[in-house]
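Listed below, chain by chain, are the residues.
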Amino acid sequence: MKTPSLSPQSAEIVAATAGVVAEHAVEITRSFYPNMFAAHPELLRVFNKANQAIGEQPVALASSVVAYAVHLIDPDAPDFTPVMERIAHKHVSLGIKATEYTIVGHYLLEAVGQVLGDAVTPEVAAAWDEVYWLFGTQLIAAEARLYALAGVDPEEPWRKYEVTERTEETDEVFSLTIKPVEGELPAHTTGQYVAVAVDLPNGERQPRQYTISGAPEGAFRLSIRRVKGVDGHPDGQVSTWLHENAHPGTVLDVSTPSGDVVLEESDAPLVLASAGIGITPMAAIVEDLAERQPQRPVTLLHADRTASAHPLVETMQASSSRLAHVAEHVWYEEMDAAGEARGARVGRMDLTDVEVPTNAKVFMCGPLPFMRAVRRTLMDKGVDPRNISYEVFGPDLWAQDPDNDAAEQKVQLNAAMA
Ligand SMILES: Cc1cc2nc3c(=O)[nH]c(=O)nc-3n(C[C@H](O)[C@H](O)[C@H](O)COP(=O)(O)OP(=O)(O)OC[C@H]3O[C@@H](n4cnc5c(N)ncnc54)[C@H](O)[C@@H]3O)c2cc1C
Ligand code: HEM
């Protein structure tokens, strides 16, 4: 993607103020959201309420704007396209519209003024307005392209799907097979997700993303973990609603398949490392390989609490038994007879003595500390970090992780502030 450039006067101001904006970025987005929701309560129907409560979404938005600004003023900054693509896919899965950028921009820039006070001269405000709109217009263009490719009108991003089958995978995880009520199943790429929007009993509407864990016979399968609240926090809103209400015959609002972490056409060996419900993209990938590339070598790595908590075991086995070269390693935190029968090891995933081809393409999905540890070990084993992709089941905070061993954005920010 060609990098747009700031006007010379804005570039100078952004370079001089990036540090102070970065320092207050989370405070700025925390003040921006309540103001925006007070004026536009309809937007509460697209934003994830839990991510707001936990504070992850403000962090993700703030750091992306600052990282983008740094990328504009640092000629040596790495390509921003992957970050942009990830956000655009997330936005498209939620049906974000170009017109909403004006609303977000207004309240975001107002919040910059509120938090930084007199430091925000009209010139400073204009420079950050330019940053926002360079970012915004690139995102709008990327999203327009994705909507067009999918043949989706962003004014009507939701399609009705009927649940045709439900399978209890474990005590916590259930799978739903869903089919469009009208028309064909849309095209998707293995590894992508859809959003499901539900009307909750309290009158709120909330969307959540679920990975397409398989595509059996003209349908999508979604595998959903029912999230229980811990330490007095509430149970997960959408997963609980789906657990209680989604049965054959239930009609759901589902968005267009989206997501940039996908199985690309290649013959390179694959390593699929997952923990817990992070197995869903791996199930889709193994099913796809069984159909189209049964000769491709695959190493399956999965960690879970117990054998009985490990979802999609039979589904994965049905696919992997059709593969010519497959190695499988499983770890359970607590071992029992079922775990032993599966040849699992006890404890967390430990790849020390697992053989990994150095030219492997790696997919990871699970909690951030898990993925960080796996990535580090694979890099120690000689795997090129550019061949390691990951999906996060929430806002992508990897770049903000203090222990991130690939904290390019932080390095850039320090460089820009020096
Ligand atoms: C790309 C992507 C793919 C995904 N794929 C899958 C998949 O295949 N399968 C799957 O099961 N999930 C998947 N997810 C996760 C899924 O989208 C939801 O995040 C998950 O189901 C939880 O949603 P929920 O509405 O049930 O919980 P939420 O209501 O969103 O709650 C989430 C957590 O926040 C806590 N919380 C809520 N409010 C507060 C508060 N005020 N204070 C403190 N804590 C609070 C809750 O206790 C809970 O632990 C995916 C996510 C993404 C982004
Ligand atoms: C330049 C403008 C914008 C930037 C830089 C931006 C940035 C981001 C980022 C970084 C994420 C997190 C992506 C991830 O999960 O990894 C995100 C998610 C999201 N964005 Fe934007 N965004 C912008 C505009 C908008 C607009 C106009 C809307 C529409 C109201 C919007 C709505 C959302 C929603 C609903 C999510 C998912 C958040 C959640 O569910 O917690 N964004 N955005």
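Criteria and thresholds
- For every chain, the first residue of the written sequence is number 1, and numbering continues from 1 onward in sequence order.
- Chains carry letters and ligands carry numbers; both start at the beginning, A for chains and 1 for ligands, and go up in the order they are written.
- This being a predicted model, a pLDDT of at least 70 is required before a residue's local features are given, and a value of 80 or more before pairs of side-chain atoms are given or counted; all residues contribute to the totals for chains, interfaces and linings.
- Each side-chain value is derived from all of the structure's non-hydrogen atoms; neither hydrogens nor water enter the calculation.
- Think of it this way: any DSSP run of H or I at least four residues long counts as a helix, any run of E at least two long counts as a strand, and we number them from the N terminus.
- To be near a molecule or strand, a residue needs just one of its heavy atoms within 4 Å of it.
- For the purposes of these results, a polar contact is taken to be a pair of N or O atoms within 3.5 Å, where, inside protein, one atom must be able to donate a hydrogen and its partner to accept one; residues adjacent in sequence count only when each atom of the pair is a side-chain atom.
- As a working rule, the residues Ala, Val, Leu, Ile, Met, Phe, Trp, Tyr, Cys and Pro are called nonpolar, Asp, Glu, Lys and Arg charged, and the rest polar, with Gly in that last group.
- UniProt positions are given in the numbering used here, feature names are shortened, and annotations may be inferred rather than shown by experiment.
- Residue exposure ignores everything except the shown protein chains as possible cover, and the areas themselves are Shrake-Rupley values with a 1.4 Å probe.
- Donor criterion used throughout: N, O or S atom within 2.8 Å of the metal, extended to 3.2 Å for Na, K and Ca. Water excluded; incomplete-looking sites may result.
- An expected span of 1.5 Å times one less than the residue number is assigned to each helix.
- For every residue, the accessible area obtained with a 1.4 Å probe (protein chains only) is divided by the maximum for its type, and the residue is called buried under 20%, exposed over 50%, and partly exposed between those limits.
- Domain delimitation follows an automatic or database domain assignment.
- The criterion used for residue contact is that any of the two residues' heavy atoms lie within 4.5 Å.
- When two components associate, each loses some accessible surface as probed by a 1.4 Å sphere; the sum of these losses over both components is called the buried area.
- A pair is scored as a salt bridge if a Lys or Arg side-chain nitrogen falls within 4 Å of a carboxyl oxygen belonging to Asp or Glu.
- Axis definition: a line fitted to C-alpha atoms, over the contacting stretch in the case of helices. Angles run 0 to 180 degrees between N-to-C directions.
- Working definition: roughly parallel below 35 degrees, roughly antiparallel above 145 degrees, roughly perpendicular at 65 to 115 degrees, and oblique for all remaining angles.
- We call two strands paired when DSSP finds no fewer than two bridges between them.

Under an unreviewed UniProt entry, the protein chain has the name nitric oxide dioxygenase and belongs to Kytococcus schroeteri.

Novice: Any chance you could break down unusual backbone geometry for me, citing the residues and the numbers?
Specialist: With a phi close to 40°, E217 is a non-glycine residue in the positive phi region. Mapping E217 onto the fold places it in the loop between β4 (205–214) and β5 (220–225). Phi angles above zero are rare outside glycine, and D231 is one such case at about 55°.

Novice: Outline the site of ligand 2, supporting the account with residue identities and numerical values.
Specialist: As a matter of local geometry, ligand 2 sits amid 24 residues, with N48, N51, K90, H91 and D396 nearest to it. One of the side-chain nitrogen or oxygen atoms of K90 is found 2.4 Å away from an oxygen atom of ligand 2. Breaking the shell around ligand 2 down by element, the ones donating at least two residues are α3 (56–73), α4 (81–93), α5 (100–116) and α6 (122–150). In terms of residue count, the dominant contributor to the shell around ligand 2 is α3 (5 residues). Of the residues belonging to the shell around ligand 2, the class tally is 15 nonpolar, 6 polar and 3 charged.

Novice: Any chance you could break down the UniProt feature "domain: FAD-binding FR-type" (unreviewed entry) in the protein chain for me, citing the residues and the numbers?
Specialist: Following the UniProt record, the feature "domain: FAD-binding FR-type" (unreviewed entry) maps to residues 156–264 here. Annotated as residues 156–264, this span is 8% helix and 41% strand, and its ends, taken at the C-alpha atoms, are 29 Å apart.

Novice: Describe the site of ligand 1, naming the residues involved and giving the relevant values.
Specialist: If you check the shell around ligand 1, you find 27 residues, and the closest are Q209, Y210, P234, V238 and S239. Within the backbone of Q209, a nitrogen or oxygen atom sits 2.5 Å from an oxygen atom of ligand 1. Relative to its free-state accessible area of 980 Å², ligand 1 is covered by the protein chains to the extent of 83%. Only α2 (49–54), β4, β5 and α7 (237–245) provide two or more residues apiece to the shell around ligand 1.

Novice: Quick one: what's the story with the coordination of the iron atom of ligand 2, residue by residue and with numbers?
Specialist: Coordination of the iron atom of ligand 2 by the protein comes from a single atom, H91 (NE2), at 2.1 Å. Tracing the backbone shows H91 in helix α4.

Novice: Which residues make up helix α8 (residues 280–292), and what are the values?
Specialist: Three- or four-residue spacings in an α-helix give side chains the same orientation, since the helix completes a turn every 3.6 residues. Its 13 residues give α8 an end-to-end C-alpha distance of 19 Å, which sits within 8% of 18 Å, the value for a rise of 1.5 Å per residue. Across the 13 residues of α8, 11 count as buried, placing the element largely inside the fold. Of the positions making up α8, those classed as buried are T280, P281, M282, A283, A284, I285, V286, E287, D288, L289 and A290.

Novice: So, the UniProt feature "domain: Globin" (unreviewed entry) in the protein chain: which residues are in play, and what are the values?
Specialist: Summarizing the sequence annotation, UniProt attributes the feature "domain: Globin" (unreviewed entry) to residues 5–144 in the numbering used throughout. Annotated as residues 5–144, this span is 78% helix and 0% strand, and its ends, taken at the C-alpha atoms, are 21 Å apart.

Novice: Please give an account of the domain arrangement of the protein chain that cites residues and values.
Specialist: For the protein chain, the domain assignment lists domain 1 (8–150), domain 2 (158–255) and domain 3 (270–416). Each of domain 2 and domain 3 has a C-alpha centre, and these two points are 23 Å apart. Contact with domain 2, which involves 17 residues of that partner, is made by 17 residues of domain 3. The largest per-residue losses of area from domain 2 upon contact with domain 3 belong to T170, T190 and T211, which jointly make up 35% of the total buried on that side. Between R305 and E172 there is a salt bridge whose closest N-O contact spans 3.5 Å.

Novice: A description of the packing of helix α1 (residues 8–39) against α6 should follow, citing residues and the corresponding values.
Specialist: Closest axis-to-axis distance for the α1/α6 pair is 9 Å, and the angle between their directions is 90°. The angle between α1 and α6 places the two elements in the roughly perpendicular class. Residue-level contacts link S10, I13, V14, T17, A18 and V21 of α1 to E123, V124, A127, W128, E130 and V131 of α6. Residue classes in the contact of α1 with α6 are distributed as 8 nonpolar, 2 polar and 2 charged.

Novice: I'd like a rundown of the pairing of strand β2 (residues 173–180), residues and numbers included.
Specialist: With 7 of 8 residues buried, β2 is to be regarded as a mostly interior element. With 7 bridges connecting them, strand β1 (residues 159–168) and β2 associate as antiparallel partners. For E168, the partnering residue across the bridge sits in β2 and is F174. Counting the residues in the hairpin turn of β1 and β2 gives 4 residues.

Novice: Lay out the sheet that holds β4 with the relevant residues and their values.
Specialist: Strand order in the closed barrel formed by 6 strands is β1-β2-β5-β4-β3-β6, with antiparallel pairing between adjacent strands. When strand polarity is set aside, the average angle formed by the axes of neighbouring strands in this sheet is 45°. α8 contacts β4 and β5 of the sheet and is inclined by roughly 35° relative to β4.

Novice: Describe the pairing of strand β3 (residues 193–199), listing the residues and the values that go with them.
Specialist: With 6 of its 7 residues buried, β3 lies for the most part within the structure. Where β3 meets β4, 7 bridges bridge the pair, whose relative direction is antiparallel. Note on β4: the bridge partner recorded for V196 is R208. Between β3 and β4, which pair antiparallel one after the other, the connecting turn spans 5 residues, and G203 there sits at a positive phi close to 90°. In this sheet, strand β6 (residues 251–254) lies alongside β3 in antiparallel orientation, the contact comprising 2 bridges. Bridged to V196 within β6 is V254.

Novice: Summarise the sheet that holds strand β10 (residues 345–346); cite the residues concerned and give the values.
Specialist: Read across the open sheet, the 6 strands follow the order β10-β9-β8-β7-β11-β12; overall the sheet is parallel. Two strands close off the open sheet at either side, each with one partner strand: β10 and β12 (388–391). Taken together, the 2 bridges between strand β9 (residues 326–332) and β10 define a ladder with parallel strand orientation. If you follow Y332 over to β10, its bridge partner there is V346. Along the sheet, helix α11 (residues 368–380) contacts β7 (270–275), β8 (298–304), β11 (361–365) and β12; its crossing angle with β11, the most-contacted strand, is approximately 160°.

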